[in-house]
Amino acid sequence: MSAHVELVPALVDRIKKSLVGLKMPRAIEILDVTLRRIEQGEVDALLAEELMLRENRRIKTALVMARLSTIKTLSSFDFSFQPSLDKNRIMALAELEFINRKEVVHLLGPPGTGKSHLSLALGVQAVRAGRSVYFSPLSDLISALAKAEREGTLREKIRFFCRFALLIVDEIGYLPVIPGGGNLFFQLVNARYERGAMILTSNRGFAEWGEVFGDPVVATALLDRLLHHAVVIQIEGSSYRLRSHADLVPEHIRSNALIQPPAITPSPKRRGRPPKNGGSDHSNG
Ligand code: ADP
Ligand code: MG
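A brief look at the structure comes next. (Residues numbered from 1 in each chain as written. Chains lettered and ligands numbered in written order. Predicted model: local features only at pLDDT ≥ 70, side-chain atom pairs only at ≥ 80, totals over all residues. Heavy atoms only, no water.)

## Some thoughts on the overall build of the protein
Now for step 1: Within the protein one finds 13 helices and 5 strands.
Now for step 2: Counting over 285 residues, the protein shows a buried share of 44%.
Now for step 3: Counting only contacts in the protein whose residues sit at least 6 apart along the sequence, the fraction spanning at least 24 positions is 79%.
Now for step 4: Accessible surface, the protein: about 15500 Å² in total, of which carbon and sulfur atoms supply 54%. (Helix = DSSP H or I, 4+ residues; strand = E, 2+ residues; numbered from the N terminus. Buried < 20%, exposed > 50% of the residue type's maximum accessible area, 1.4 Å probe, protein only. Contact = heavy atoms within 4.5 Å. Areas by Shrake-Rupley, 256 points an atom, 1.4 Å probe, with all protein chains shown as cover.)

## Some details on the packing of aromatic side chains
Now for step 1: Enumeration over the complete set of coordinates arrives at 10 aromatic pairs.
Now for step 2: Note on F81 and Y240: the rings are 4.9 Å apart at their centroids and 80 degrees apart in plane angle, and the pair reads as edge-to-face. Of this pair, F81 sits in the loop between α4 (45–65) and α5 (87–93) while Y240 sits in the loop between β5 (230–234) and α13 (251–254), and the two are 159 residues apart along the sequence.
Now for step 3: Ring plane angle 5 degrees and centroid distance 5.8 Å describe the contact between F185 and F213, whose orientation is recorded as stacked. Of the two residues, F185 is situated in helix α10 (residues 181–192) and F213 in the loop between α11 (209–212) and α12 (216–226); the sequence distance between them amounts to 28 residues. No difference in accessibility class separates F185 from F213, as the two residues are buried.
Now for step 4: One aromatic cluster is present, formed by Y134, F160, F161 and F164 through successive ring pairs. (Phe/Tyr/Trp six-rings, centres within 6.5 Å; stacked < 30°, edge-to-face > 60°.)

## Let's talk about the site of ligand 1
Now for step 1: Inspection of the region around ligand 1 gives 15 residues, with K72, D78, G112, K115 and H117 positioned closest.
Now for step 2: Note that an oxygen atom of ligand 1 is positioned 3.1 Å from one of the backbone N or O atoms of G114.
Now for step 3: Here H117 contributes a side-chain N or O atom positioned 2.6 Å from an oxygen atom of ligand 1.
Now for step 4: Look at ligand 1: alone it shows 550 Å² of surface, and the protein chains cover 87% of it. (Near = heavy atom within 4 Å. Polar contact = N/O pair within 3.5 Å; in protein donor to acceptor, adjacent residues only side chain to side chain.)

## Comments concerning unusual backbone geometry
Now for step 1: Despite not being glycine, L96 shows a phi value in the positive range, around 70 degrees.
Now for step 2: On the secondary structure map, L96 appears in the loop between α5 and α6 (97–100).
Now for step 3: On the basis of relative accessible area, L96 is assigned to the buried category, the value being 8%.

## Things to note about the sheet that holds β5
In any sheet, the strands associate via hydrogen bonds between backbone groups, in a parallel or an antiparallel arrangement.
Now for step 1: Reading across from one edge, β2-β3-β4-β1-β5 is the order of the 5 strands in this open sheet, with parallel pairing throughout. In the strand order of this sheet, the two ends are held by β2 (133–137) and β5, each with one partner. Neighbour-to-neighbour, the strand axes of this sheet turn through a mean angle of 15 degrees, independent of strand direction.
Now for step 2: As paired strands, β2 and strand β3 (residues 166–172) are joined by 5 bridges and run parallel to one another. (Pairing = 2+ DSSP bridges. Axes fitted to C-alpha atoms, helices over the stretch in contact; angles between N-to-C directions.)

## A word on α10
Now for step 1: Across its 12 residues, α10 extends 17 Å between first and last C-alpha, which sits within 8% of the 16 Å expected from 1.5 Å per residue.
Now for step 2: Among the 12 residues of α10, 10 are classified as buried, and the element is accordingly described as predominantly covered.
Now for step 3: Among the residues making up α10, those that are buried are G181, G182, L184, F185, F186, L188, V189, N190, A191 and R192.
Now for step 4: Where the residues of α10 are buried, they touch α8 (138–150), α9 (154–162), β3, β4 (197–202) and α12.
Now for step 5: Taken from the residues just after α10, E194 is the one with a positive phi, measuring 60 degrees. (Expected span 1.5 Å × (residues − 1).)

## A closer look at the packing of α10 against α12
When two helices pack together, their arrangement is captured by the angle between the axes and the distance separating the axes.
Now for step 1: At a minimum axis separation of 10 Å, α10 and α12 run at an interaxial angle of 20 degrees. Relative to α12, α10 is oriented roughly parallel. For α10 against α12, the interelement crossing comes out left-handed. Packed against α10, whose contacting residues are G182, N183, F185, F186, V189 and N190, the element α12 presents V218, A221, L222, R225 and L226 at the interface.
Now for step 2: Looking at the contact of α10 with α12 residue by residue, the classes come out as 7 nonpolar, 3 polar and 1 charged. (Parallel < 35°, antiparallel > 145°, perpendicular 65-115°, else oblique. Left-handed = near helix turned anticlockwise from the far one by under 90°. Nonpolar A, V, L, I, M, F, W, Y, C, P; charged D, E, K, R; others polar.)

## Quick look at the side chain of E50
Now for step 1: Inspection of the secondary structure puts E50 in helix α4.
Now for step 2: Note on E50: relative accessible area 3%, which makes it buried.
Now for step 3: When neighbours within four sequence positions are excluded, E50 is seen to be in contact with K23, M24, P25, R26 and A27.

## Comments concerning the pattern of salt bridges
Now for step 1: Counted according to the given criterion, the structure contains 9 salt bridges.
Now for step 2: Here E151 and K147 are joined by a salt bridge, their closest N and O atoms 3.4 Å apart.
Now for step 3: The exposure class of K147 is partly exposed, given its relative accessible area of 43%.
Now for step 4: Notably, a salt bridge pairs R225 with D224, separated by 3.1 Å at the nearest N-O pair.
Now for step 5: D224 sits in the buried class, given a relative accessible area of 1%.
Now for step 6: Salt bridges here are not isolated pairs; linked through shared partners, they connect R26, E29 and E49. (Salt bridge = Lys/Arg side-chain N within 4 Å of Asp/Glu carboxyl O.)

Below, the structure is given as C-alpha cells:
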C-alpha cells in the first residue's frame, strides 16, 4: 500500500521550474513518467536516473582527458589466449591499490600479446574509480616534452604530467627515441618518482633499454627509478592480432619472442641527475 501523493498542477509546475534551474534536462524529460511512478511509490527513480546520467558524463569526459580513446576492458580480454599471463595478478592490479602505493607496473611482451589492451583497460578502470589518468605512447610523450623544452616551458609540462595519479606510457622500444629524448623522459620519471603510479608497456627487455634510449647512462638512471617500487608482468604468448593467420606466419615470427629478464637492478634511491655510471640491481615481480 503506497501513500497517495496529490499531484496538483501547481506542484508539478514548481518541480519543472526547479529542474530547469538545476539544469537537469534528463529529469525534465522523464518527469511525467516519473511522477506517475511516484504516485505508485517509486520515489527515487528520478534522482537515480539523473545521477547515472551525470556519472556517465563524468566518465566520458575523463576518458577523453586521459586520452583513453580506444576503450578496452578487462572483461573483453581473453585470458585463455594468454596462458603465461596470471589472470589473478591482473585482477589484483584492477583493484587499483598500486595507484595508492605509487608503484610502476611493467607490461612486457612481444607485439600483439595485449600489453596496450591491458594498460588501457586498467586506465579505464582507474577513471571509473575517479582517479586522474593520462595515456600516451612514449614517442608522443617525448615529443611533447621536447616541444615544451624548445618553448621554454619544460618545467610546466613536467608539472602537467605529474598531476595525474596514473601515467600510462605505451610502446617503449618500438620507435627509436629522438636525441635527448631519454634525458627528457628521465626528468619526468624522476619528478614522478614515489609521487605517482605508472604503467609502462614494452616489447624490449630492460637489458635493451640502453639501445632503446640511445644512452646507457640515462637508461640505467631510468631503470633505477622505474624498478624500485615495481611490478613486472611478462607475457610470453603469441600475437592475438595474428591468431587467425598463424599458419601464414613464419615460425620464427610466430613463436614466443622471450624477453630478457631484468638485468639491471636499482640501488638505494637518490634523486637528481642521471648517475655518471650505472649498475645496480633488483626488481620484484
Ligand atoms: P600489444 O600492445 O601487446 O602489441 P594489443 O594490446 O594492441 O597488443 O593487442 C592487439 C589487438 O588484439 C588489440 O585489438 C587487442 O584488443 C587484441 N587483443 C590482444 N590480446 C587479446 C586477448 N587476450 N583477448 C582479447 N583481445 C586481445
Ligand atoms: Mg601496443
